[in-house]
Amino acid sequence: MKQQSKRVGLGIEHLWLLVVLAGFGFYASLVPLPPNDFWWHLKIGEIIHTTGSIPKTNLFGWTLQADYPFVYGAWLSECLFYLLYRLGQLPLIAFVRTLMVMAAFGLVGYETRRRSGSWRMAALAVALACLMSVNNLIIRPQNWSWLPFMIFSILLGKYSAGQLRGRWLLLCPALMVFWANVHGAFILGVIMLGIFFVGEALRTWLKLPGARAWKHVGWIGVIGLFAGLAIFINPQGIGALSYVTDLMTDRPSQQLIMEWQSPTPQGPAGVAFFASVLLLMVALAYSRYRLTPTDLLLVVGFLWLAWSGQRYVVWFGMAAMPILGQALKDIPLENFPGLKAVSQVAPARNILNVVIAVLLFAPLVAVQPWFVERVPLPQTYWKMVLRGTPAGPLLSVETPVAAAEYLKQHPGGKLFNEMGYGSYLIWAVPQQGVFIDPRVELYPYEQWLDYIKVTNGARYNELLAHYGVDRILLDKEKQKNLAQSLLNDPLWEREYEDQYAEIWRKKAGP
């Protein structure tokens, strides 16, 4: 009997997923880096590398005591950022961020393919998950949480389906040691273990299809215990949990920062989130697939989390879209003969598809940080970023590179600064000190209210005098009202101006 030759190459169905990943990697590579979060983390990484210890105090905000306590819970990610910076500066950091994005969402596709058996459903799931994450692509410690989250999801999903031996779950506690030191989202790993333990216990107790033996359910619980203990393998000990709970209940963060507010059906991420919820409801109504208790807990739990803050929508996308793919794949097609015929076509594999796949990623290579400024992108894009700066490529125009250089040459004074500027100043001119910066939980709620009033030009002289401010660095776009007020104020004189920023100094008294 003639042996059937093994198919070589890729099929069209693989290209669907690769198109989505390549396109999203292209987009992620071009996201301008705003000054807000990244730079102060990089400075902390430098301090840890230089001193060999993790700071425990304020350090940079002159409005608080230098020894005012502050927990740097993402210390390991800060170290990793700085090590990458030493090796290849900002371009290498941005490149690694893009790799982590593509790897994490590639795993979303893998998990959807495992559940549904369809690469097309994988492509759809990844596309929706990617759209939901477009607000979370800037370089910051959260980047290091994406892969651990998806690895937890895949390990637990495959084990619960009887496709993985129990010893593989030991990777979860080992990975938790890393996760608990890079970002506060490690708590999601503990939550996911709890969801799978409770969900699979319910499935076994109710004797539902696919139920595992009690010993297998118990092993998830044991792994959850090990992972919980692994959290404490960090310099803060139990303080790692306190850091997360304090941050999630911090009044300034919860009430004043947009990403902590509930999502709205505006912008790509918000529209994708609401559309995916609606699509999931429709799919479950028509699909033969019935949610397991674990699936139900995953969907409801991460939907509630996403509803509580825009920054959490990305986790709902990663957790729920594979379930959506499985539900969509099991919708009966008897009433749609055309779709049924297409679904039954055996996909052909060939070398040409490999060539197409390589070509798909060529534009992605072209926009990597080392080459991107030579790419003829639209002028509307180039107006959003600074070009040719020594600080690195694709910095947002909001980054006060030139103003910081001026302050370095002309230091002094008690400076009031735009919040995002504070992060870049911590990196570029740490000796200057900042009025406020993106370490939101560090500063009192009342100080944030005063900052907002000054930014709006309301009672600014009274409030600035209260703090002893005699110098101002403002963003001409974000703080238009303050800039206009100072322009007509005899108490202040402008000492520096560029296209994006201004520095004002209080005039000496008579």
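So, how was this worked out
- Residues numbered from 1 in each chain as written.
- Predicted model: local features only at pLDDT ≥ 70, side-chain atom pairs only at ≥ 80, totals over all residues.
- Heavy atoms only, no water.
- Helix = DSSP H or I, 4+ residues; strand = E, 2+ residues; numbered from the N terminus.
- Rg over C-alpha atoms; globule rule 2.2 N^0.38 Å.
- Buried < 20%, exposed > 50% of the residue type's maximum accessible area, 1.4 Å probe, protein only.
- Areas by Shrake-Rupley, 256 points an atom, 1.4 Å probe, with all protein chains shown as cover.
- Pairing = 2+ DSSP bridges.
- Core = buried A, V, L, I, M, F, W, Y, C linked by side-chain atoms within 4.5 Å.
- Contact = heavy atoms within 4.5 Å.
- Patch = residues over 30% accessible without salt bridge, like charges linked within 9 Å, V, L, I, M, F, W, Y side chains within 5 Å.
- Salt bridge = Lys/Arg side-chain N within 4 Å of Asp/Glu carboxyl O.
- Expected span 1.5 Å × (residues − 1).
- Polar contact = N/O pair within 3.5 Å; in protein donor to acceptor, adjacent residues only side chain to side chain.
- Axes fitted to C-alpha atoms, helices over the stretch in contact; angles between N-to-C directions.
- Parallel < 35°, antiparallel > 145°, perpendicular 65-115°, else oblique.
- Nonpolar A, V, L, I, M, F, W, Y, C, P; charged D, E, K, R; others polar.
- pLDDT = per-residue confidence, 0-100.
- Left-handed = near helix turned anticlockwise from the far one by under 90°.

S.K.: It is not clear to me how the overall build of the protein should be interpreted in this structure. Could you clarify?
M.R.: Broken down by element type, the protein carries 21 helices and 8 strands. Taken against the 2.2 N^0.38 rule, which gives 24 Å for 510 residues, the C-alpha radius of gyration of the protein at 26 Å falls within 12% of a compact globule. Out of the 510 residues in the protein, the part that is buried amounts to 53%. Of the accessible surface of the protein, which amounts to about 23,500 Å², a share of 64% is contributed by carbon and sulfur atoms.

S.K.: For this particular structure, what's the right way to read the pairing of strand 6 (residues 471–475)?
M.R.: Two faces make up the sheet, and in a regular strand the side chains alternate between them. Buried residues dominate strand 6, accounting for 5 of its 5 residues. Side chains Arg 471, Leu 473 and Asp 475 project from strand 6 onto one buried face, and the interleaved Ile 472 and Leu 474 project onto a second face that is buried too. As paired strands, strand 6 and strand 8 (residues 501–506) are joined by 5 bridges and run antiparallel to one another. Across the sheet, the residue bridging to Asp 475 is Ala 501, located in strand 8.

S.K.: What exactly am I supposed to notice about the nonpolar core here?
M.R.: Within soluble globular proteins, side chains that are nonpolar generally end up buried alongside one another. Core analysis: the largest hydrophobic core is formed by 152 residues, its most contacted members being Trp 39, Phe 105, Phe 149, Phe 302, Trp 315, Met 318 and Ile 472. Per-element accounting of this core gives the leading share, 18 residues, to helix 3 (residues 75–116). In this structure Trp 39 touches Leu 33, Pro 34, Leu 90, Ala 391, Leu 395, Thr 399, Ser 423, Tyr 424 and Trp 427, once residues within four positions along its chain are discounted. Core analysis: the second largest hydrophobic core is formed by 9 residues, Leu 30, Val 367, Leu 377 and Leu 394 among them.

S.K.: Help me understand a nonpolar patch on the surface in this model?
M.R.: A cluster of nonpolar side chains, namely Phe 197, Val 198, Leu 202, Trp 205, Leu 206, Leu 208, Trp 214 and Leu 297, defines an oily patch on the protein surface of about 760 Å² accessible area. At 4 residues, the largest contribution of residues to the nonpolar patch is made by helix 7 (residues 186–205). Along the chain, Trp 214 falls in helix 8 (residues 214–230).

S.K.: Explain helix 4 (residues 119–132) here, please?
M.R.: Since the α-helix advances by 3.6 residues per turn, residues separated by three or four positions end up pointing in the same direction. Taking 1.5 Å as the rise per residue, helix 4 with 14 residues should run 20 Å; its terminal C-alpha atoms sit 20 Å apart, in good agreement. Taken together, the buried positions of helix 4 are occupied by Met 121, Ala 122, Ala 123, Ala 125, Val 126, Leu 128, Ala 129, Cys 130 and Met 132. Looking at where helix 4 begins, the residue whose side-chain oxygen comes 3.2 Å from the main-chain nitrogen of Arg 120 is Ser 118.

S.K.: I keep staring at the packing of helix 3 against helix 6 (residues 171–182) and nothing clicks. Help me out?
M.R.: Think of two packed helices as two axes; the pair is described by the angle between the axes and how far apart they sit. Running from N to C, helix 3 and helix 6 cross one another at 85 degrees; their axes reach a closest spacing of 5 Å. Regarding the angle of helix 3 to helix 6, the classification is roughly perpendicular. In contact with Trp 75, Leu 76, Ser 77 and Leu 80 of helix 3, helix 6 contributes Phe 178, Asn 181 and Val 182. Partitioning the contact of helix 3 with helix 6 into residue classes produces 5 nonpolar, 2 polar and no charged.

S.K.: Is there a simple way to think about the pattern of salt bridges in this case?
M.R.: For side chains of opposite charge, pairing can occur when their charged atoms come near one another. According to the stated counting rule, one finds 19 salt bridges in the structure shown. Among the charged side chains, a salt-bridge network with shared partners connects Asp 37, Arg 140, Glu 259 and Arg 311.

S.K.: Looking at this structure, I do not really get the environment of Gly 162. What am I missing?
M.R.: By the element assignment, Gly 162 lies in the loop between helix 5 (146–160) and helix 6. Between the alpha carbons of Gly 162 and Ile 139 there is a distance of 37 Å; along the sequence they are 23 residues apart.

S.K.: I'm lost on the side chain of Thr 399 in this one. Help?
M.R.: In this fold, Thr 399 is placed in the loop between strand 4 (395–396) and helix 17 (401–409). Aside from chain neighbours lying at most four places away, what touches Thr 399 is Leu 33, Pro 34, Pro 35, Trp 39, Leu 386 and Tyr 424.

S.K.: Please explain the confidence of the model for the protein as it appears in this structure.
M.R.: Any residue range with low pLDDT should be treated as having predicted coordinates unsuitable for detailed reading. Within the protein, residue pLDDT values average 92, and 95% of them lie at 70 or more. A low-confidence stretch, residues 1–5 (pLDDT under 50), is modelled with 0 contacts involving residues beyond four sequence positions or located in other chains. The low-confidence segment residues 338–342 (pLDDT under 50) makes 3 contacts with residues lying over four places distant or belonging to another chain.

S.K.: In this structure, what is going on with the packing of helix 5 against helix 13 (residues 313–329)? I would like to understand it.
M.R.: Close contact between helix 5 and helix 13 brings their axes to 11 Å; oriented N to C, the two are set at 25 degrees. For the element pair helix 5 / helix 13, the angle class is roughly parallel. For helix 5 against helix 13, the interelement crossing comes out right-handed. Facing helix 5, whose interface residues are Trp 146, Phe 149 and Met 150, helix 13 presents Trp 315, Met 318 and Ala 319. Classifying every residue of the contact of helix 5 with helix 13 by side-chain character gives 6 nonpolar, no polar and no charged.

S.K.: Looking at this structure, how should I read the sheet that holds strand 6?
M.R.: Neighbouring strands of a sheet are bound in pairs by backbone hydrogen bonds; such pairs are parallel or else antiparallel. Taken in spatial order, the 4 strands of this open sheet run 5-6-8-7, and their pairing is mixed. The open sheet has two edge strands with one neighbour each: strand 5 (415–417) and strand 7 (492–497). Along the sheet, successive strands turn relative to each other by an average axial angle of 20 degrees, direction set aside. In terms of strand pairing, strand 7 meets strand 8 through 5 bridges, oriented antiparallel. Considered in strand 8, the bridge of Tyr 496 is made with Ile 503.

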